[in-house]
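One letter stands for each residue in the lines below.
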Amino acid sequence: MVKLNNISHTYGTKSVINDLSLSMEANRLTCLLGSSGCGKTTILRLIAGLDKPASGEIIIDNKTVSKKNEIVVLPQNRATGMIFQDLALWPHFTVYKNIAFGLTERKEKNVKERVIEVLTFFGLTEHANKYPHQLSGGQKQLVAIARSLVLKPKILLMDEPLANLDVKLKRKILDHISNLIREFNLTIIYVTHDHKEAFAIADKVVVLNKGKVEEEGSVEQIKESKNEYVKFFLEY
Amino acid sequence: MGRTIIKQPLYTIVYLLFVLLVVFPVAYTFLLAFFNIDSLGKNLQLISIETVLLLLKSVLIAATVALFSTFSGTLLGFLLYKTKMKHSSFFKLALLIPLFISPYILAVAWKDFFFIMAGNSNIISSELGVALVLTTIYTPLAMLITGNAFSGIDSKLEESGFMIAGFHRTMSKITLPLIKPAVISSFVLIFIFSISEFSVPAILGVKVFTTEIFTQFSAFYNHSLAILQSALLLIICLLLLFAEGKYIADASFLSVGNRGNNTKTYQLNKRRLPGFLFVIIWLFISVILPFIILFFQTFNNETTNFIRAFKLLLPTFGNSITLATTGALVIVFIGFVAAYKNYLSQTQTKTGKSFDLFMLFLFATPSTIIGISLIRFYNHPALEFIYSGWTIIIIGFVAKFSFIAARLLGNAMKKIPASMDEAAQLEGISKFKRFLRIIVPLVLPSLFATFIISFIFSLGELGITIMVYPPGTEIMPIKVYTIMANAPQSLVSSMTLIVFSVTLLMIIGFYFIAKSIIKKQSYVVG
Amino acid sequence: MRLFTIVTIILTLFIISGCSNTTNEIVVYTSVDQVFSEPVLKEFENKTGIKVKAVYDTEETKSTGVLNRLIAEKENPQCDLFWSGDPIRTIVLKNRGITQPYQSPEATDINPAFKDPQHNWTGFSARARVLIYNKNLLKPNEIPKSIFNLTDEKYKGKVAIANPLFGTTTFHIAALFTTLGNEKTKQFLTALKVNKVVIATSNGDVKKQVMQGRVACGLTDTDDAFEAAKENKNTGFLFLDQNGIGSLIMPNTVCLIKGSPNTNNGKKLMDFLLSKDTEAMLARSCAQMPLHKGVKVPAGVASLDSIIPMKVNYDKTAIKLEEIQNYLKAWAEQ
């Protein structure tokens with residue numbers, strides 16, 4: 001469903017991704033696993049269309065969406081949703097407004113119903129009139145996810161969504177995320193540096209190191225990998 | 001280029017209009033001076049070692065003012081924005097008062113004060129005196145800039161410091177470095193203001209570079225030499241900006257709060273009294289003392305001059321307020337467009353850099369030269385509709401103050417994470433809607449602050465206005481300036497108090513308007 | 001959208017404000033203090049119905065706005081008439097080809113010494129350079145009677161003059177140069193410096209310093225001195241060198257601007273300013289001495305007949321003024 005062919009990307013003069021090729025199946029959760037600075041977030045931004053690749057091409061559903069130094073399909077037309085690392089909740093909008101904003105601006109129908117539906121799904125109904133700064137960390141995460149899902153994306157990009165949460169809350173939200181694929185017919189690309197998170201929910205794990213793929217496969221395959229870097233990474 | 005215009009029509013239009021209507025007239029004046037071979041050779045000979053030494057002296061005075069203002073402003077910013085000091089809201093407003101009063105009036109008040117207390121004003125009529133007066137005038141600017149920066153520090157950043165070190169170490173190693181960009185911006189702004197300031201050194205009888213430029217204009221009518229000398233001034237300011245840009249560009253510390261109003265405020269405990277005393281002493285020196293002098297001068301045995309002053313100034317209120325309000329709106333708009341472009345690009349594009357450079361160029365150019373340039377460019381039958389109306393004054397305001405607006409708003413926008421805009425972009429929200437519904441609300445407090453500062457400066461602007469104001473127009477600062485030449489001191493002081501009161505009333509009015517708009521926005525981004 | 005509309009309307013109003021089509025008006029630039037000039041212009045407006053649009057400035061404030069504005073507007077003049085507080089600024093304009101000759105019938109009986117031979121400017125309502133003094137600091141027998149007394153040891157550090165690069169002080173010193181010659185004048189100025197003369201920012205500042213007692217006396221103009229005497233009973237003034245070179249007389253001057261939009265109205269205003277009535281007004285408001293004969297003046301205002309004037313040629317003085325500027329700058333900065 002999502003293919004990256006020979007992608008390279010630089011920030012300034014620094015090469016972040018170097019000739020990387022990757023494919024992620026539809027209706028699966030693919031986890032990009034690696035330490036900080038290995039290029040995980042960059043890959044998400046390239047798929048979202050927020051950055052242009054320096055070389056290579058990105059294909060979604062057999063359609064080229066990005067190629068060398070060019071955004072062929074604009075981000076808003078790629079049917080992707082993204083949960084940013086800092087969540088990017090708009091602080092001047094209530095929870096309801098944060099979720100409804102995209103629907104309203106796109107002039108979609110049944111805005112209220114759809115917002116309430118997603119609020120109910122995530123158990124956020126009572127927080128609808130609160131502002132982000134009045135929510136706990138976990139509630140904010142859920143609002144960020146709800147905001148993306150209400151627009152019915154085909155692909156959900158999640159950039160370390162559980163970074164600041166406690167174990168109990170993580171488990172709760174991971175359960176939610178696992179259900180999302182089934183409930184919303186999604187393809188999820190999930191970025192994390194925590195292999196336990198990855199192993200809990202991933203259908204496929206891709207281990208990255210310095211902008212290159214070290215190993216990719218199922219959870220079991222990764223656990224049993226003979227790759228020195230992967231073994232080293234999983235130990236810690 | 002074509003694609004850029006289509007992609008960013010508003011930015012392109014604003015940029016082109018700014019360059020054509022504001023920058024070009026002034027740049028043309030400089031080019032004429034440089035390319036007029038006959039006068040250039042003659043005038044270059046007049047730029048002697050004395051000129052260079054005078055420039056160095058002015059640089060030293062300006063640097064001293066910038067240093068002291070930034071230091072005291074940062075201290076005040078910390079005490080009022082970062083601690084739970086009592087009556088801090090009152091102090092924040094009261095300490096801004098020197099910005100509402102024309103510098104030359106304050107200089108006169110100080111001169112009189114020293115004469116009354118010490119029998120002569122020699123102490124103040126010196127380079128140190130100039131530095132003292134200018135420091136009291138510009139410290140509020142530093143307080144505003146750094147106070148805003150203090151308010152934007154995420155509490156988590158400091159709290160993580162407290163896990164390791166005590167209060168002093170956290171302040172010096174975490175808090176202060178985080179506001180370094182604001183401190184540097186404050187220094188640069190005040191330096192440029194001080195080095196371009198003419199009226200205070202003139203009143204105190206201290207020769208500085210700008211008085212030299214003024215002399216060339218008004219005593220020798222040697223416009224081309226005055227312009228060449230201004231070019232030296234510009235070079236200094238550009239060098240400073242270059243150094244500032246280089247330093248801040250490398251700074252990776254930008255702080256954003258994910259929760260609203262989560263900046264940490266401190267109880268001063270045993271430092272409460274010294275802190276409070278410092279604020280009170282500063283308030284006394286910079287505000288109360290000059291006002292005592294002004295009141296003394298106004299009401300010394302009579303009140304008739306106060307009434308006379310009011311009658312003289314009444315016809316000017318409407319014009320001045322309308323001009324200043326419109327000017328401030330246009331200034332904020334241009335500054336916002338420039339800042340937003342840089343925000344969108346995340347790194348400065350070539351046009352972004354040139355926009356900044358043009359604004360700095362105009363900001364550092366002496367007002368008289370801007371005035372002359374505008375006359376030469378617009379005093380043409382085809383442009384009569386601009387020259388003989390109020391538009392020419394607005395152009396002057398834009399030339400002088402758009403740099404400040406762009407700088408203040410640029411700093412505010414840096415605090416908005418790009419992800420806020422990108423999240424909306426992914427939701428399919430148009431660029432214009434993102435601008436209006438995401439960006440504008442998030443910078444609303446900064447927009448208001450910038451508007452107020454632009455309004456105050458526009459209301460008191462004299463140097464350009466006196467050159468271009470349409471005949472028959474009554475404008476406040478011109479009326480005060482022309483009347484004061486041969487008016488009793490009590491009349492001049494009365495006019496000053498009235499101008500101050502009008503300014504204060506307007507700001508209070510704007511504050512209540514803004515409060516009603518902003519009150520629902522119970523958030524802070526950084 | 002609403003904000004955009006409001007801003008567009010305001011900007012349009014601004015542009016419209018520049019498109020006024022009133023023809024029965026006159027644009028005046030004046031360096032005479034607004035407190036004195038404005039009532040005169042209002043009187044003209046009331047009498048003739050011609051709208052007066054004025055740009056004010058003062059020679060105290062170095063005429064930064066007005067004179068430089070006139071020079072910069074040369075190619076497309078906006079101003080119809082320039083009213084100056086002294087002849088020098090008008091001569092500067094004449095020498096740059098900015099003035100237009102006009103011989104007003106009201107000026108027939110004004111002494112030719114106060115008129116340009118080519119009728120580019122005409123003088124009226126004169127001021128003079130005077131010595132203002134503080135009665136508490138100087139007894140009657142201690143008051144200097146001549147400008148040359150100011151270099152006496154007993155007045156060391158007690159005399160103020162305004163910045164010699166600007167205003168009527170420049171004029172005064174230039175007049176000394178043409179009257180006494182270069183050498184003598186330079187000697188006098190050097191002696192003043194040795195005697196620690198205080199350089200004030202303006203004539204108004206001289207007045208203030210004398211009134212406050214910061215200095216014992218100073219050189220200023222009659223209107224400043226008159227105001228000071230009104231405000232403060234301890235201030236007096238006198239005309240120097242009445243037994244010697246005389247006091248410098250500085251007439252107000254008017255000139256028409258070449259190529260201006262409303263020359264006819266300019267002529268009417270010039271006639272009005274040069275009339276005896278205006279001279280009487282200015283005598284009452286700021287002690288300016290009429291150049292017409294038979295104009296009633298209030299008590300306390302000197303008559304030109306009672307003053308020994310310094311013999312100066314204004315054109316030559318204007319030329320000398322430009323020659324000595326560099327010298328004066330160096331002198332002031334010593």
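The rules we used
Residues numbered from 1 in each chain as written. Chains lettered and ligands numbered in written order. Predicted model: local features only at pLDDT ≥ 70, side-chain atom pairs only at ≥ 80, totals over all residues. Heavy atoms only, no water. Domains from an automatic or database assignment. Contact = heavy atoms within 4.5 Å. Buried area = accessible area lost by both parts, 1.4 Å probe. Salt bridge = Lys/Arg side-chain N within 4 Å of Asp/Glu carboxyl O. Polar contact = N/O pair within 3.5 Å; in protein donor to acceptor, adjacent residues only side chain to side chain. Helix = DSSP H or I, 4+ residues; strand = E, 2+ residues; numbered from the N terminus. Nonpolar A, V, L, I, M, F, W, Y, C, P; charged D, E, K, R; others polar. Core = buried A, V, L, I, M, F, W, Y, C linked by side-chain atoms within 4.5 Å. Buried < 20%, exposed > 50% of the residue type's maximum accessible area, 1.4 Å probe, protein only. Pairing = 2+ DSSP bridges. Phe/Tyr/Trp six-rings, centres within 6.5 Å; stacked < 30°, edge-to-face > 60°. Lys NZ or Arg CZ within 6 Å of the ring centre and 35° of its normal. Axes fitted to C-alpha atoms, helices over the stretch in contact; angles between N-to-C directions. Expected span 1.5 Å × (residues − 1).

Trainee: How should the domain arrangement of chain C be read in this particular structure?
Mentor: Note: interface size is frequently given as the accessible area lost on complex formation between the parts. All names here are of chain C. Here chain C is described as being made up of domain 1 (24-126 + 251-301) and domain 2 (127-248 + 320-333). If you average the C-alpha positions of domain 1 and of domain 2, the two centres end up 26 Å apart. Across the boundary between the two partners, domain 1 contributes 19 residues, which contact 19 residues of domain 2. Approximately 1500 Å² of surface area, both sides summed, lies buried where domain 1 meets domain 2, with 56% of it carried by carbon and sulfur atoms. Across the domain 1-domain 2 interface, the total number found is zero salt bridges. Run the count over domain 1 and domain 2 and you get two residue pairs in polar contact (both at pLDDT 80 or more).

Trainee: Sorry, what's going on with the interface of chain B and chain A here?
Mentor: Counting residues at the interface gives 24 residues for chain B and 25 residues for chain A. Across the interface of chain B and chain A, roughly 2400 Å² is buried in total on both sides, 58% from carbon and sulfur atoms. Looking only at chain B, the three residues that lose the most surface to chain A are Leu426, Glu427 and Arg437 of chain B, adding up to 31% of its buried area. Residue Glu422 of chain B pairs with Arg45 of chain A through a salt bridge whose shortest N-O separation is 2.7 Å. Here chain B is connected to chain A by eight residue pairs in polar contact (both at pLDDT 80 or more). Elements that contribute at least two residues to the side of chain B that touches chain A include exactly helix H20 (418-426) and helix H21 (431-460) of chain B. Among the elements that take part in the side of chain B that touches chain A, H20 of chain B stands out by supplying seven residues, more than any other. Among the residues making up the side of chain B that touches chain A, the classes are represented as 11 nonpolar, seven polar and six charged.

Trainee: Explain the nonpolar core to me, please; I cannot follow it from the model alone.
Mentor: Grouped together as the largest cluster of nonpolar side chains are 319 residues, with contacts concentrated most on Leu4 of chain A together with Leu81 and Trp83 of chain C. Counting residues per element, this core draws most heavily on helix H15 (residues 304-345) of chain B, at 18 residues. When residues are assigned to domains, this core turns out to be shared by domain 1 (24-126 + 251-301) and domain 2 (127-248 + 320-333) of chain C, each giving three or more. Once residues within four sequence positions are removed from consideration, Leu81 of chain C is found in contact with Ile26, Val27, Val28, Tyr29, Val254, Cys255, Leu256, Ile257, Gly266, Leu269, Met270 and Leu273 of chain C. By size, the runner-up hydrophobic cluster in this structure holds 50 residues, among which are Leu29, Leu33, Phe122 and Ala198 of chain A.

Trainee: I keep staring at the interface of chain C and chain B and nothing clicks. Help me out?
Mentor: Counting residues at the interface gives 53 residues for chain C, matched by 52 residues for chain B. In total, chain C and chain B occlude about 4500 Å² of area from one another, counting both sides; carbon and sulfur atoms represent 58% of this. Linking chain C with chain B are five salt bridges. Taking the shortest distance from any N to any O, the salt bridge between Arg214 of chain C and Asp112 of chain B comes out at 3.0 Å. The interface formed by chain C and chain B contains 16 residue pairs in polar contact (both at pLDDT 80 or more). Take the side of chain C that touches chain B: its biggest share by element is seven residues, from helix H3 (residues 64-72) of chain C.

Trainee: Teacher, can you tell me more about the side chain of Gln209 of chain C here?
Mentor: Residue and element names in this part refer to chain C. Within the secondary structure, Gln209 sits in helix H7 (residues 203-212). For Gln209, a relative accessible area of 7% translates into the label buried. For Gln209, the residues in contact, after removing those within four places along its chain, are Val198, Ala200, Arg214 and Val215.

Trainee: Before we go on, may I ask you to explain the sheet that holds strand S4 (residues 55-60) of chain A in this structure?
Mentor: Sheet strands line up and pair through hydrogen bonds in the backbone, either parallel or antiparallel. Residue and element names in this part refer to chain A. Taken together, five strands build an open sheet; the order of strands is S2-S1-S4-S5-S6 and the sheet is antiparallel. The open sheet has two edge strands, strand S2 (14-24) and strand S6 (70-71), and neither has a second partner. In this structure, strand S5 (residues 63-67) lies alongside S6, joined through two bridges in antiparallel fashion. What sits directly across from Lys67, in S6, is Glu70.

Trainee: Please explain the arrangement of the chains as it appears in this structure.
Mentor: If you rank the two pairs of chains in contact by how many contacts each has, first place goes to chains B and C. A minimum C-alpha distance of 16 Å separates chain A and chain C, which share no contact.

Trainee: Teacher, can you tell me more about the pattern of salt bridges here?
Mentor: Where charged atoms of side chains with opposite charge meet at close range, the side chains can pair. Enumeration over the complete set of coordinates arrives at 35 salt bridges over all chains. Note that Lys329 of chain C is salt-bridged to Glu212 of chain B, the shortest N-O span being 2.9 Å. Here Glu212 of chain B lies in helix H12 (residues 209-218) and Lys329 of chain C lies in helix H11 (residues 314-333), a pairing that spans two chains. On the accessibility criterion, Lys329 of chain C (13% relative accessible area) is buried. In this structure, the salt-bridge partner of Lys53 of chain C is Glu25 of chain C, at a minimum N-O distance of 3.3 Å. With Lys53 of chain C in strand S2 (residues 51-56) and Glu25 of chain C in strand S1 (residues 25-30), this pair connects stretches of sequence that are 28 residues apart.

Trainee: Please clarify how the packing of aromatic side chains should be interpreted in this entry.
Mentor: In this description, an aromatic ring pair is defined by two values, namely the gap between the centres and the angle between the planes. Scanning the model with the defined rule gives 50 aromatic pairs over all chains in all. Pairing Phe291 of chain B with Phe500 of chain B gives two aromatic rings, centres 4.7 Å apart and planes at 70°, and the pair type is edge-to-face. Here Phe291 of chain B, found in helix H14 (residues 272-299), pairs with Phe500 of chain B, found in helix H24 (residues 489-518); they are 209 residues apart in sequence, far enough to count as distant. Both residues of the pair, Phe291 of chain B and Phe500 of chain B, count as buried. Ring geometry for Phe114 of chain C and Tyr314 of chain C: centres 6.4 Å apart, planes at 35°, overall tilted. Of this pair, Phe114 of chain C sits in the loop between strand S4 (99-100) and strand S5 (122-134) while Tyr314 of chain C sits in helix H11; the two residues are 200 residues apart in sequence, bridging distant segments of the chain. In this structure, Phe114 of chain C and Tyr314 of chain C share a single accessibility class: buried. Following the ring pairs from residue to residue traces out a cluster consisting of Tyr138, Phe193, Phe363, Phe401, Phe403 and Phe457 of chain B. The cationic tip of Arg147 of chain A hangs over the ring face of Trp90 of chain A; the distance from NZ or CZ to the ring centre is 4.2 Å. The positively charged end of Lys193 of chain C is found above the aromatic ring belonging to Trp331 of chain C, 5.4 Å away from the centroid.

Trainee: Is there a simple way to explain the sheet that holds strand S9 (residues 187-192) of chain A in this structure?
Mentor: Residue and element names in this part refer to chain A. Overall, mixed pairing links the six strands, which are arranged S7-S8-S9-S3-S10-S11 in an open sheet. Across the chains shown, the open sheet's two edge strands, defined by having one partner strand only, are strand S7 (80-83) and strand S11 (212-217). Along the sheet, successive strands turn relative to each other by an average axial angle of 15°, direction set aside. Across five bridges, strand S8 (residues 155-159) lies against S9 in parallel orientation. Directly across from Asp159, in S9, lies its bridge partner Val191. Helix-sheet contacts for helix H1 (residues 40-48) involve strand S3 (29-33), S7, S8, S9 and strand S10 (204-209), and the interaxial angle to S8 is about 150°.

Trainee: Can you walk me through the environment of Glu422 of chain B in this structure?
Mentor: Relative to the helices and strands, Glu422 of chain B resides in helix H20. Sequence separation between Glu422 of chain B and Thr450 of chain B is 28 residues, and the spatial gap between their C-alpha atoms is 26 Å. Ignoring anything within four residues of it in the chain, the contact list for Glu422 of chain B reads Arg45, Leu50 and Phe84 of chain A.

Trainee: Would you mind showing me how to read helix H4 (residues 137-149) of chain A here?
Mentor: Look at H4 of chain A: 19 Å from first C-alpha to last across 13 residues, which is about the 18 Å you get at 1.5 Å a residue. Burial analysis of H4 of chain A places 11 of its 13 residues in the buried class, the great majority of the element. The complete set of buried residues in H4 of chain A reads Gly138, Lys140, Gln141, Leu142, Val143, Ala144, Ile145, Ala146, Arg147, Ser148 and Leu149 of chain A. Packed against the buried residues of H4 of chain A are S7, helix H2 (95-105), helix H3 (111-121), S8 and helix H5 (167-184) of chain A together with H20 of chain B.

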